[in-house]
Amino acid sequence: MNIVTVVALIAWIYLITVLHRAKLPFFTFLAGSVGLFIFMMVLLQGYITEPLSRAVAASTGIIGNLSGMFYSYYQYSLIFVRHGAESISLYIDYECSGVIELLSFTALLWFFPLYKISEKIVINIAGIFWIFASNILRLTTICTLVYFFGNDIFFFAHAIFGRIIFYGLSIVLYFYVFTRSQIIKQKVGRFAYGSAAQGNI
Amino acid sequence: MNKKMKILTGIIAAAFILVTGFPVLAASPAGSVKGSDVIYTADEVTTDQLAITIDGSFEDWSDKPVYELSYSSSTVHHVQIFRDDIYVYLHIRMSETGYVQFNGYNFCFNFDNKNNYVDVVSVSGSTTNGINAFEIRRQNGYKLIDDAPAYVTRTAGQPDECELRIPLNFFDPHPERVTSISFSCTNLGSQSITFVGTSTAPYIIAGAGLVLAAAGIFAFTKKRKNRT
């Protein structure tokens, strides 16, 4: 951690305390979640990406091994798909690993004021597994399409079909965690999560 | 802890056990996946060695995916491609029969749909038994590529093998942005082999999450103010 990061971290914490004391929950959330995301990207991303990429490749590879459609070289974060004489290696780098989605979800959740800390811990872990599983499903879909239709389908499978699946599942998660919870609290008042919301806002 | 929380915690615990077990379940080395139609490996050793050494010895390729380039089923060349943050690596084992001698002309590396042609030629002008040093030249202008070693190993009764590496910044000034690398060579086969990333475009999702959560908080705060 260099001096610039330390100074920025102190300034960010000070800003959060000022916004919190001023009772500005929206801006506390905005500055807090964006700042936390940036600091986690700077400080943690380098440590998380490689094991996460390997885990994604290994997990996808299990499905591939069971189906016989594709194979994982998880130690290199690679998935190998063959279609007839064609073959392709999918490389799980940091933009494919889901690390950015995991960190952004975590940052948003921890500054979202409608949950207690214990609830945030549980939801955070559940959210991580949801995003992880969504990424596995996305990659499995891409590999399956390439296996059946060849390399020509790769762009469609990766840039359109796979992303629609991943985006759809991510939006479902965000809706359940960030939108539905506060709607239920407002309208019904029986949702288990968010019982501390009145005190937090 | 209420009932819903207990159920959720139980599901998370089960999922955690399952996911942490994945690397163990998947621990069978890639080289163990054998079969005539799937993957060829030089041997069954898993080196787990990310850094490939270009020295004319090919053990560090033994656990990486192998592609086939050919024009006919009787003449099949085995090719491996790999990349890290700095280099792209290539290993070629010529066909077991017929076309056994290395031909390094007209190698095409395609970086995000841009073709780059290079030739791999002997430093001494000929190839003899043993390990032979080669050099890599850009086809256009025949300029020598720096920091791009290549070796061809010739053994009596065996097909030639070549390994080489080329700095990524030779092909693209911003290699960190390159998502797709393909290799093809018309002298070896009609196929192209591809090494590609599959980005989720993650900042779109992060932005969507921020908007949804911010909208939720904004609406909630506004309603509370209206009530009071």
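The text that follows walks through the structure, step by step, so that each part is easy to find. (Residues numbered from 1 in each chain as written. Chains lettered and ligands numbered in written order. Predicted model: local features only at pLDDT ≥ 70, side-chain atom pairs only at ≥ 80, totals over all residues. Heavy atoms only, no water.)

## A word on the overall build of chain A
Note the threshold: Secondary structure elements are defined from DSSP: runs of H or I of at least 4 residues count as helices, runs of E of at least 2 residues count as strands, and each element is numbered from the N terminus. Under the scheme applied here, a residue whose accessible area is under 20% of the maximum for its type counts as buried, over 50% as exposed, and between as partly exposed, the area being computed with a 1.4 Å probe on protein chains only. By the convention used here, residues are in contact when the closest approach between their heavy atoms is within 4.5 Å.
When helices and strands are counted, chain A shows 7 helices and 3 strands. In sequence order, chain A lays out its α and β elements as α-α-α-β-β-β-α-α-α-α. Of all 201 residues assigned to chain A, the portion counted as buried reaches 56%. Across chain A, the fraction of contacts at a sequence separation of at least 24, relative to all contacts at a separation of at least 6, is 63%.

## Remarks on empty space enclosed by the protein
Residue and element names in this part refer to chain B. Worth spelling out the cut-off: Detection works on a 1 Å grid of protein atoms alone, calling trapped sets that fit a 1.4 Å probe cavities and calling open sets with protein on both sides within 12 Å along at least five of seven lines pockets, with lining residues defined by an atom within 4 Å of a point. Grid points are joined across faces, edges and corners, and a volume is the space filled by probe spheres set on the points.
Throughout the structure, instances matching the rule amount to 2 cavities of 30 Å³ or more. Counted as a void, the second largest cavity has a volume near 40 Å³. Broken down by element, the residue count for the lining of the second largest cavity peaks at 3 residues, all from strand S10 (residues 192–197).

## Describing unusual backbone geometry
Residue and element names in this part refer to chain B. At Asn 106, a position not held by glycine, the phi torsion is positive, near 70°. Among the secondary structure elements, Asn 106 is positioned in the loop between strand S3 (87–93) and strand S4 (107–111). Phi angles above zero are rare outside glycine, and Asp 112 is one such case at about 45°. When you line up the elements, Asp 112 lands in the loop between S4 and strand S5 (114–122).

## A look at helix H4 (residues 99–110) of chain A
All names here are of chain A. As a reminder, the rule being used: Here, expected helix span is obtained from the residue count minus one, scaled by 1.5 Å.
The end-to-end C-alpha separation of H4 is 17 Å, in line with the 16 Å expected for 12 residues at 1.5 Å each. Counting buried residues in H4 gives 11 out of 12 residues, a clear majority hidden from the surface. Every buried residue belonging to H4 is among Val 99, Ile 100, Glu 101, Leu 102, Leu 103, Ser 104, Phe 105, Thr 106, Ala 107, Leu 108 and Leu 109, and all of these are buried.

## A short note on the pattern of salt bridges
Where charged atoms from two side chains of opposite charge come close, those side chains can pair. Residue and element names in this part refer to chain B. Definition in use: Salt bridges are identified by distance alone: a Lys or Arg side-chain nitrogen within 4 Å of an Asp or Glu carboxyl oxygen.
Applying the stated criterion across every chain, the model contains 7 salt bridges over all chains. With a closest N to O distance of 2.9 Å, Arg 165 and Asp 147 form a salt bridge. Residue Arg 165 is located in strand S8 (residues 161–167), and its partner Asp 147 is located in strand S7 (residues 144–154); the two are separated by 18 residues in the primary sequence. When its relative accessible area of 18% is taken as the criterion, Arg 165 is described as buried. Notably, a salt bridge pairs Asp 160 with Arg 154, separated by 2.7 Å at the nearest N-O pair. With a relative accessible area of 16%, Arg 154 lands in the buried category. When salt bridges that share partners are traced, they join Arg 93, Glu 96 and Glu 161 into one network.

## Side note on the layout of surface pockets
Threshold: Put simply, Ala, Val, Leu, Ile, Met, Phe, Trp, Tyr, Cys and Pro go in the nonpolar bin, Asp, Glu, Lys and Arg in the charged bin, and everything else, Gly too, in the polar bin.
The space that makes up the largest pocket amounts to roughly 1200 Å³. Lining the largest pocket are 44 residues, with Arg 83, Thr 179, Ser 180, Val 196 and Gly 197 of chain B positioned closest to its centre. For the lining of the largest pocket, the secondary structure elements donating two or more residues are helix H3 (45–67), strand S3 (86–91) and helix H6 (154–187) of chain A together with strand S2 (75–83), strand S9 (180–185) and S10 of chain B. When residues in the lining of the largest pocket are grouped by element, the largest group, 5 residues, is from H3 of chain A. Split into classes, the residues belonging to the lining of the largest pocket amount to 13 nonpolar, 19 polar and 12 charged.

## With respect to the environment of Ser 77 of chain A
Residue and element names in this part refer to chain A. Along the chain, the position of Ser 77 falls in the loop between strand S1 (70–73) and strand S2 (78–83). Ser 77 sits 27 residues away from Glu 50 along the chain, and the two C-alpha atoms are 8.1 Å apart. Dropping the residues within four chain positions of it, Ser 77 is found in contact with Ser 53, Arg 54, Ala 57, Leu 90, Tyr 91 and Ile 92.

## Quick notes on the packing of aromatic side chains
All names here are of chain B. The criterion, for reference: Centres within 6.5 Å make a pair out of two Phe, Tyr or Trp rings, where for Trp the six-membered ring is used; the pair is then stacked when the planes are under 30 degrees apart, edge-to-face when over 60, and tilted otherwise.
Considering all chains together, one arrives at 25 aromatic pairs over all chains under this definition. Between Phe 102 and Phe 134 the ring centres are 5.7 Å apart and the planes differ by 80°, which places this aromatic pair in the edge-to-face class. Of this pair, Phe 102 sits in the loop between S3 and S4 while Phe 134 sits in strand S6 (residues 130–138); the two residues are 32 residues apart in sequence, bridging distant segments of the chain. Summarising the burial analysis for this pair, Phe 102 and Phe 134 share the class buried. Ring centres of Phe 170 and Phe 171 lie 5.0 Å apart, and the angle between their planes is 75°; on these two criteria the pair is classed as edge-to-face. The buried category is assigned to Phe 171, whose relative accessible area is 5%.

## Structural notes on the nonpolar core
Rules: Working definition of a nonpolar core: buried Ala, Val, Leu, Ile, Met, Phe, Trp, Tyr and Cys residues. They are joined through side-chain atoms within 4.5 Å.
Judged by nonpolar contacts, the single largest core of 59 residues is most densely connected at Phe 29, Ile 79, Leu 90, Phe 105, Phe 112, Val 177 and Phe 178 of chain A. Examining the composition of this core, we find that 9 residues originate from one element, helix H5 (residues 117–149) of chain A, more than from any other. Leave out the neighbours within four places in its chain, and Phe 178 of chain A touches Phe 105, Leu 108, Leu 109 and Phe 112 of chain A together with Ala 213 and Gly 216 of chain B.

## Some thoughts on the side chain of Ser 89 of chain A
Checked against the element boundaries, Ser 89 of chain A lands in strand S3. Discounting chain neighbours no more than four positions away, the residues touching Ser 89 of chain A are Leu 78, Ile 79 and Phe 80 of chain A together with Pro 65, Tyr 67, Thr 194, Phe 195 and Val 196 of chain B.

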